[in-house]
Number of protein chains: 2
Amino acid sequence: MLEKIDLKESISKDAFKKQSKELKAELAALQQPIKQQKLPVIILFEGWGAAGKGSLIASLIANFDPRGFKVHSIVPPTALEQRKPFLWRHWLNIPEQGVLSVLDRSWYEEVTVSRLENNVDDNVNLHRMNDINEFERTLTDNGYLILKFFLHISKKEQKKRFELLSDSKSTEWRVTELDWKRNKHYENYCRAFDDMLKHTSTAYAPWHMISSMDRDAATLDVYRIVVDRITDALNQKGEKGTGNALASEKIKPPSFSLVSMPKLSDIELNQTISDEKYKQQLKKLQSQLSELHGKLYAKKIPVVIAYEGWDAAGKGGNIHRVSEALDPRGYEVVPVASPSREEIARHYLWRFWRNLPKDGHIAIFDRSWYGRVMVERVEGFCTEEDWQRAYQEINEFERQLCDWGAIVIKFWLHIDKAEQLKRFNDRQSTPSKQWKITDEDWRNRSKWDEYEVAVNDMLQNTSTDFAPWHIIESQDKKFGRIQTLKIITDTIQNHLK
Amino acid sequence: MLEKIDLKESISKDAFKKQSKELKAELAALQQPIKQQKLPVIILFEGWGAAGKGSLIASLIANFDPRGFKVHSIVPPTALEQRKPFLWRHWLNIPEQGVLSVLDRSWYEEVTVSRLENNVDDNVNLHRMNDINEFERTLTDNGYLILKFFLHISKKEQKKRFELLSDSKSTEWRVTELDWKRNKHYENYCRAFDDMLKHTSTAYAPWHMISSMDRDAATLDVYRIVVDRITDALNQKGEKGTGNALASEKIKPPSFSLVSMPKLSDIELNQTISDEKYKQQLKKLQSQLSELHGKLYAKKIPVVIAYEGWDAAGKGGNIHRVSEALDPRGYEVVPVASPSREEIARHYLWRFWRNLPKDGHIAIFDRSWYGRVMVERVEGFCTEEDWQRAYQEINEFERQLCDWGAIVIKFWLHIDKAEQLKRFNDRQSTPSKQWKITDEDWRNRSKWDEYEVAVNDMLQNTSTDFAPWHIIESQDKKFGRIQTLKIITDTIQNHLK
């Protein structure tokens, strides 16, 4: 793609002054509607060293109120960031609704410069580019606007700029040996950039190629594109109340091979365990798990466990039996309640990305990202389009976790409606348990049938071979606890082989 | 203090079983009232290597529902953490209301082990211990319960335990060369611990010294103290609705030398600037500031700027003129609105600690921690005791920032009541500005006199010599902008000298 860019355009000072004045006024006028219509915008800049990213970003944001944007400079990942999936730090930075996020370099560093300089395997790189496409698609589908600029200059021009910077005492520190090396091997970087641009220029997040030979011309190009695309997005949002139209034409998402799951109504729920056998097995499995935890830690393998299930199905007690066996310094239980203001203003997966474990650690989610296709669906907190699409998004999310090296284990704790009523009544009549039962539990119970449809759909659509669902018979709580412990230890053991 | 601990106590298996069973039941029963009464609890463990912190923590938390606590292992600070005040990472970890935070090692590492091993200057160390006392005092005063355990074993016992671990293949990795070195120089560490224990055992957060020679005896001691202190805190909270009583008897807080400030009513608000002079000065000051920003970055000096002022006093435009001059990769504007659910559940300074800049960076707070003594006071969101105490807490906070090396600059943007009315009316009648004016602005305006009292008190009580207030005449917005730019550049220049 790079060779097709006309690197010659330049512009007269007068023309620049006149055009930039108009565009600046248009840019300044955009911020209020962005805020009012709650549009989250990501503008990222990639390109050659000395292509002028810094000054372009400075002049772009000078048009905005500093309270409405954030600038992020992407530097090499920290030690902690290296212990997370490569998109983790980028997920954490996504803006909230109504805010502009401007990125000086981005996740594309990982599939271009750092690919070359760290000799990343081609196959890994391809995976990463696909992950990026999925990341941008799910953001766009969920209302984000993503603008990607690539600033291009020629090898000769880059060399000239480096020389100019090196000539002055006050700027010579800005040119490093690495910069010179990169200029020398310009052609290699060119190929890596081309590769990346081809793979990641999508209908929902196309690359805008900017000739940066003339700074003024580049500035006008960027201004114009920013004005046009934000205006379009605002108009579409106004019409549809969603940003989805932006992603109308898109790469076909991957399909996943699914494990067939029974319907909830087909589960007999008749299995039990004797007290004696329970005690004995619990002890054995907990000590196995404890030992396995040490091995996971040593091998730096992360584990993500998601608990879902009917109210009063026994999630708390079940989780407790698992966590008891773990070294408290190596696991975390993440209770998932209704989202906070910060969470609700971002993509629904953001708060789960935020809470991923470090490698070698275990995160146990007490309720999870599946809220999207259960409570959000049933209560109408998102549109049908949203939750329909979420099956795919969730499968992609979990596949990215597995690609990172994680073990993903998912439980549906199952009881029947009569058992739930018994437990609710028991809670209500036992003073020490009353806090466990709220009006909301009764409201949810009244929608049992709707939830059952949603749960069945969820089990059918998201039980992948890399992250299958496990339905746990929890009618006998003790039986359920032994089952989850068995599945967790078996899954980890198989993975360690 | 260490030599006074009786290291001999041990306990029979039977006695342990019986007593621990009772205590475990008491512990388990505490979690619900902790949650209901929204008590935030910090339990930290310090002590010798191999004293049994890990297993003690494991057995303590086995009594709690894992959704109600978090365990934090404190390891040496990361590169990012080293670029923040030393208490930063500990502030970020404070629990929300109703949650138990269990710390395996803590901020005390910084004034004991890391003091010795990094040759920290005695004076710096003394400062840090005082900072810790202030940190714990302000947490306690604001309703937190802090339990501090020191696990003590003798040099001989430690050596024995290291040898035992080294003898087994599966545990030998747990004993490092550093551990042996620490055992060898046990006496030095003893002195450092003693120093720390003496300085930081306060009435509001006393140290509990535990003989850890016998694990069972230590476990019972810890259980008993946890039960007693949490029960006490819950009772006091029940009575008073606040945790303050815990801190009734305390070290006298430092007093600060204050800069005398005029009353708002004495400000004449008659200064103006011509358009021509404004343009000329703006350009000059912005270019100075731009250059200074580079120097700050090179010298890794952080800058914290707080903007306060009347509604419509021109904060937004003023901040914009400052931020325009800055490299977007080196500053951040932090807009402060009403706190989110996560923020409201923690100490009121938490969200400002969270948003501190890295060293070499600038953070501009658009409204700030002074909300505590203005809006929270006037609207009754906190008690009189709370906001009265906040002057001291805020001065301590800012002194800690200055100790870290930060430049702290605070502006009160001042206009009179008539000018505010004019600007409100102007906003209301100009379509493009209507979003800027809300019912709340009018409500606040109706309380002008109460706010004026609060602002005058704030200016008198928190204008310290290290972080003085600057009252900016903003009746003429342009005059105000030039003033803030002058003060910022002057302050930075003086600091760099």
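Residues numbered from 1 in each chain as written. Chains lettered and ligands numbered in written order. Predicted model: local features only at pLDDT ≥ 70, side-chain atom pairs only at ≥ 80, totals over all residues. Heavy atoms only, no water.

**Some details on the packing of aromatic side chains**
Then, number 1: Summed over the entire model, instances satisfying the criterion amount to 48 aromatic pairs over all chains.
Then, number 2: Taking 6.4 Å as the distance between ring centres and 45° as the angle between the ring planes, the aromatic pair formed by Trp107 of chain B and Tyr108 of chain B counts as tilted. Pair check on accessibility: Trp107 of chain B and Tyr108 of chain B agree, each one buried.
Then, number 3: Ring plane angle 65° and centroid distance 5.7 Å describe the contact between Phe256 of chain B and Phe466 of chain B, whose orientation is recorded as edge-to-face. Here the residue Phe256 of chain B occupies a position in the loop between α10 (215-240) and α11 (275-299), and Phe466 of chain B occupies one in the loop between α19 (448-462) and β10 (469-473), the gap between them amounting to 210 residues.
Then, number 4: For Arg346 of chain A, the ring lying beneath its charged end belongs to Trp350 of chain A, and the centroid distance is 4.3 Å.
Then, number 5: Across the ring face of Phe86 of chain B, the terminal group of Arg128 of chain B is positioned such that the distance to the ring centre comes to 4.7 Å. (Phe/Tyr/Trp six-rings, centres within 6.5 Å; stacked < 30°, edge-to-face > 60°. Buried < 20%, exposed > 50% of the residue type's maximum accessible area, 1.4 Å probe, protein only. Helix = DSSP H or I, 4+ residues; strand = E, 2+ residues; numbered from the N terminus. Lys NZ or Arg CZ within 6 Å of the ring centre and 35° of its normal.)

**Concerning the domain arrangement of chain A**
All names here are of chain A.
Then, number 1: Taken as a whole, chain A is organised into domain 1 (2-247) and domain 2 (264-496).
Then, number 2: Computed from C-alpha atoms alone, the centre-to-centre distance between domain 1 and domain 2 is 39 Å.
Then, number 3: Across the boundary between the two partners, domain 1 contributes 22 residues, which contact 26 residues of domain 2.
Then, number 4: With both chains or domains summed, domain 1 and domain 2 bury close to 2200 Å², and 48% of this area falls on carbon and sulfur atoms.
Then, number 5: The largest per-residue losses of area from domain 1 upon contact with domain 2 belong to Arg83, Pro85 and Trp91, which jointly make up 30% of the total buried on that side.
Then, number 6: At the surface where domain 1 touches domain 2, the tally comes to 6 salt bridges.
Then, number 7: Of the charged contacts, one joins Arg83 and Asp359 as a salt bridge, the two residues approaching to 2.7 Å between their closest N and O atoms.
Then, number 8: Linking domain 1 with domain 2 are 19 residue pairs in polar contact (both at pLDDT 80 or more), by the criterion used here.
Then, number 9: Residues of the side of domain 1 that touches domain 2, tallied by class, amount to 10 nonpolar, 5 polar and 7 charged. (Domains from an automatic or database assignment. Contact = heavy atoms within 4.5 Å. Buried area = accessible area lost by both parts, 1.4 Å probe. Salt bridge = Lys/Arg side-chain N within 4 Å of Asp/Glu carboxyl O. Polar contact = N/O pair within 3.5 Å; in protein donor to acceptor, adjacent residues only side chain to side chain. Nonpolar A, V, L, I, M, F, W, Y, C, P; charged D, E, K, R; others polar.)

**Looking at the side chain of Lys315 of chain A**
Then, number 1: On the secondary structure map, Lys315 of chain A appears in helix α12 (residues 315-323).
Then, number 2: We note that Lys315 of chain A is buried and unpaired, the nearest opposite charge coming from Asp366 of chain A at a distance of 4.6 Å. (Lys, Arg positive; Asp, Glu negative; His and termini not counted.)

**With respect to the sheet that holds strand β8 (residues 362-366) of chain A**
Residue and element names in this part refer to chain A.
Then, number 1: Here we have 5 strands laid out as an open sheet, ordered β7-β8-β6-β9-β10, and parallel in their pairing. Strands at the two margins of the open sheet, each flanked by one partner only, are β7 (331-335) and β10 (469-473). Put simply, the sheet's adjacent strands are angled 20° from each other on average, direction ignored.
Then, number 2: As judged from the 7 bridges shared by strand β6 (residues 303-309) and strand β9 (residues 407-414), these two strands associate in the parallel manner. Paired with Ala306 across the two strands is Lys410, which belongs to β9.
Then, number 3: With respect to the sheet, α12 is in contact with β6, β7, β8 and β9, its orientation differing from that of β6 by roughly 160°. (Pairing = 2+ DSSP bridges. Axes fitted to C-alpha atoms, helices over the stretch in contact; angles between N-to-C directions.)

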